[in-house]
Structures are given as structure tokens and as C-alpha cells.
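Commentary on secondary and tertiary structure
What follows is each chain in one-letter form.
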Amino acid sequence: MIAVSSRIFQNCQNLASVTLSPYTQNIGSYAFQDCTALTAIEIPASVLGIEGSAFTRCYNLKQVHISDLTAWVDIRFWGEESNPLHNGAALYLQGQKLTDLVIPEGSQFIRAYAFYGYTELNSVTFPEGVTDIHPHAFEKCENLSYVTFPASLRTIQTGAFNRCNNLQQIHYSGTIEQMQRIQAYEGNELLLESTWQLTPENTVAYIVKYVLPITLVYLGIHAAVIIVCFILEHRRRKTPFLRF
């Protein structure tokens, strides 16, 4: 295994940029700690793990370049300071800065600390098949506003969206029954307090199943007709109108 040894560049004040070998599999603990002149690093798709405090106090690191997003979300980060994004660096995928993140098809989970502290992130879309978001995966993404979750989502682990203070809307592709089965652990209060929107189709299904029967019983046929007309109009517009 090719690895960047622990502490090998620690406190290297003249190191401005790093391009790792395409065969590198691991970055050791404290490997780039206190490299205050470091501004850019290229991390190959071969990297499987980055150990603790590998990028502690790299305050001037501004660019992290990758070529494979699937490989990035599968890296095992040992903690927040093992992720080079945590001090405000931007993530570049094949030369393009990522601000609106689309997780690749085929992903089943997002590993812990994968985007910790990524302040350039505005939105994230998860494809169907993602079931689990690991601890602190998007913590401190302070400009993250919009999230799209799939019906397949089952677990949002501790602090996955902690300190995401700008969250505004959550789009959810599943039914309300599926949404109620999602387990969200502590540290995700801002996520749960945000506006959740169902798709138009699932909104209609919810109203037909739960709202119309109650309306018929307590308010009568006229009120039910008004609700049906309301549903049909929003189906025509194809806009979500049920929020939680």
C-alpha cells in the first residue's frame, strides 16, 4: 500500500501545493498539520482513508481537487480535521467547483465527515438507493439551503446536518408513511425544523387517503369538492403544496 506517512510534512512552512500519486491509498495522521502556506491539494480516487488531524491548521488551503465523486464519498475520514474542506477550502471535481452537489447513482451511504465544514455547498441531491447518512457528513455546511432526499432514506445519523444554519427547504420523494419511518438522531434539529415538501403525486395520495375522509365526515360533500378542485389545480401545475 502506498501511503503518506504520519507527520511527514508537519509544519512544512514552504509547502504551497500537493499532488498525490494516483496509487496513494492512505494519508497518515498529522501528515499536513500546520502547513500554513498550503493552498491546493489534489487527492486521487485511490485514497481510501485520511487519518486524524491530517489537515489541522491548514488555514490557507483553498482548493481540493478530485476526479471521482463516488470515491470521495467513500473515503474514511477519522475526524473533522482529517477532511481538508473543514477550514473553508472549495471542492473541485474535474476542475469545476462543486456548489450544487448531486450524489452519484449507486451510492448507498455517505460516510462520516465527507463534506464537513464545506461552506461553498448550496444544495445536495441524494439519488434513490441512498439509505444512510453517517455522522457529521454535512455538519457546518453553513450555506446549505436545499436538500433532496430519496424515498429509500432510512437513517440520518448523529450530527449529519448539525450547524447547517441556512437550511430552508427539504424535498422528499417518498410518501408520508415512508418519511415517518426515517430515523433522525440528535444533532439534526435544524433539518427537522425545516420545511419538508412532498412531490405533487405523494401529496395528492396523502390528501385522498387522510384528509378527504375526515372532510366528508365533519364538513360534508361541498368542502370535499373544494379540496378535490384544489388538488386537480395543483396537479395541473405540478407543484408541491403539502409541507411538514
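Because the structure is predicted, anything quoted here is derived from the model rather than measured. (Residues numbered from 1 in each chain as written. Predicted model: local features only at pLDDT ≥ 70, side-chain atom pairs only at ≥ 80, totals over all residues. Heavy atoms only, no water.)

Let's shift gears to the packing of aromatic side chains. In the structure shown here, the tally under the stated rule is eleven aromatic pairs. An angle of 25° between the planes, with centres 5.5 Å apart, marks the rings of Phe126 and Phe149 as stacked. Here Phe149 lies in strand 14 (residues 146–149) and Phe126 lies in the loop between strand 12 (123–125) and strand 13 (132–133), a separation of 23 residues in the sequence. Between Phe149 and Phe161, the aromatic rings sit 5.9 Å apart at their centres with planes inclined by 85°, giving edge-to-face as the arrangement. Taken together, the positions of Phe149 in strand 14 and Phe161 in the loop between strand 15 (155–156) and strand 16 (169–172) put the pair twelve residues apart, joining distant regions of the chain. Comparing Phe149 with Phe161 shows no difference in burial state: the two are buried. A cation sits over an aromatic face here: Arg7 above Tyr30, 4.1 Å from the ring centre. (Phe/Tyr/Trp six-rings, centres within 6.5 Å; stacked < 30°, edge-to-face > 60°. Helix = DSSP H or I, 4+ residues; strand = E, 2+ residues; numbered from the N terminus. Buried < 20%, exposed > 50% of the residue type's maximum accessible area, 1.4 Å probe, protein only. Lys NZ or Arg CZ within 6 Å of the ring centre and 35° of its normal.)

Let us now look at the side chain of Asn188. Here Asn188 shows up in the loop between strand 17 (183–184) and helix 3 (189–193). The class for Asn188 is buried, based on a relative accessible area of 0%. For Asn188, the side chain forms a polar contact with the main-chain nitrogen of Phe161, separated by 2.9 Å. (Polar contact = N/O pair within 3.5 Å; in protein donor to acceptor, adjacent residues only side chain to side chain.)

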